[in-house]
Amino acid sequence: MNPLATVLVIALLVAGMVAMGTSTTVGALRGLARRPAPLVTAVLVNLVAVPGVALVLLNGVDLDRTTGVALMVIAAAPGGGTGALLSLHVRGDRPH
C-alpha cells in the first residue's frame, strides 16, 4: 500500500474523531448523564444487535473462517463499515 495513502487515511480518521470530540459540549454531556437511555440503547445496538444479526447471516453463508471473523470484527466495531470503505478507496492490502 502506498505510504502516503496510509498517512492520509489515518489523518482523515483522526480529524473526524477530533471534530466529533470538539463539537460535544459540557451541557450535552450533563444531559447524557441525566438521561443515559439513548447511550445505553446505542451501545447495545452497536455491540450486541448488529453483531448478532451478522452472526445469523454468516451462519447462512458458506465463507472461510478468516472472512467470517473479519466480517464479525467489522460488525462489532462502531464505524467498522467506514474502515472497510476507506480501505477499499486506498486499495488496501487484502489476502488473495
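Residues numbered from 1 in each chain as written. Predicted model: local features only at pLDDT ≥ 70, side-chain atom pairs only at ≥ 80, totals over all residues. Heavy atoms only, no water.

Student: Hey, could you go over the overall build of the chain for me, with residue numbers and the actual values?
Tutor: Counting secondary structure elements, the chain contains 5 helices and 0 strands. Split into buried and exposed, the 96 residues of the chain put 10% on the buried side. Accessible surface, the chain: about 7600 Å² in total, of which carbon and sulfur atoms supply 71%. (Helix = DSSP H or I, 4+ residues; strand = E, 2+ residues; numbered from the N terminus. Buried < 20%, exposed > 50% of the residue type's maximum accessible area, 1.4 Å probe, protein only. Areas by Shrake-Rupley, 256 points an atom, 1.4 Å probe, with all protein chains shown as cover.)

Student: Go over the packing of helix 3 (residues 37-59) against helix 4 (residues 65-76), please, and point to the residues and values.
Tutor: Across the interface, helix 3 lies against helix 4 with an axial gap of 8 Å and an inter-helix angle of 155°. In terms of orientation, helix 3 lies roughly antiparallel with respect to helix 4. Helix 4 is crossed by helix 3, and the crossing has right-handed handedness. Across the interface between the two elements, N46, L47, V50, P51, A54, L55 and L58 from helix 3 touch G68, L71, M72, A75 and A76 from helix 4. (Axes fitted to C-alpha atoms, helices over the stretch in contact; angles between N-to-C directions. Parallel < 35°, antiparallel > 145°, perpendicular 65-115°, else oblique. Left-handed = near helix turned anticlockwise from the far one by under 90°. Contact = heavy atoms within 4.5 Å.)

Student: Now, about the confidence of the model for the chain: what can you tell me, with residues and values included?
Tutor: Scored by pLDDT, the chain has a mean of 79; 79% of the residues are at 70 or more. Helix 3 holds the highest mean pLDDT among the elements of the chain, 87, whereas helix 5 (residues 80-89) holds the lowest, 62. (pLDDT = per-residue confidence, 0-100.)

Student: Could you give an account of a nonpolar patch on the surface, naming the residues involved and the relevant values?
Tutor: Together, L29, L32, L39, V40, V43, L44, L47 and V48 make up an exposed nonpolar region whose accessible area comes to about 670 Å². At the level of secondary structure, the elements contributing two or more residues to the nonpolar patch comprise helix 2 (26-34) and helix 3. Top element by residues in the nonpolar patch is helix 3. It accounts for 6 residues. Position of L47 among the secondary structure elements: in helix 3. (Patch = residues over 30% accessible without salt bridge, like charges linked within 9 Å, V, L, I, M, F, W, Y side chains within 5 Å. Salt bridge = Lys/Arg side-chain N within 4 Å of Asp/Glu carboxyl O.)

Student: Requested: an account of helix 4, with residues and values cited.
Tutor: Between its first and last C-alpha, helix 4 extends 16 Å over 12 residues, near the 16 Å set by a 1.5 Å rise per residue. The opening residue of helix 4 is D64, an N-cap whose side-chain oxygen sits 3.2 Å from the backbone nitrogen of T66. (Expected span 1.5 Å × (residues − 1). Polar contact = N/O pair within 3.5 Å; in protein donor to acceptor, adjacent residues only side chain to side chain.)

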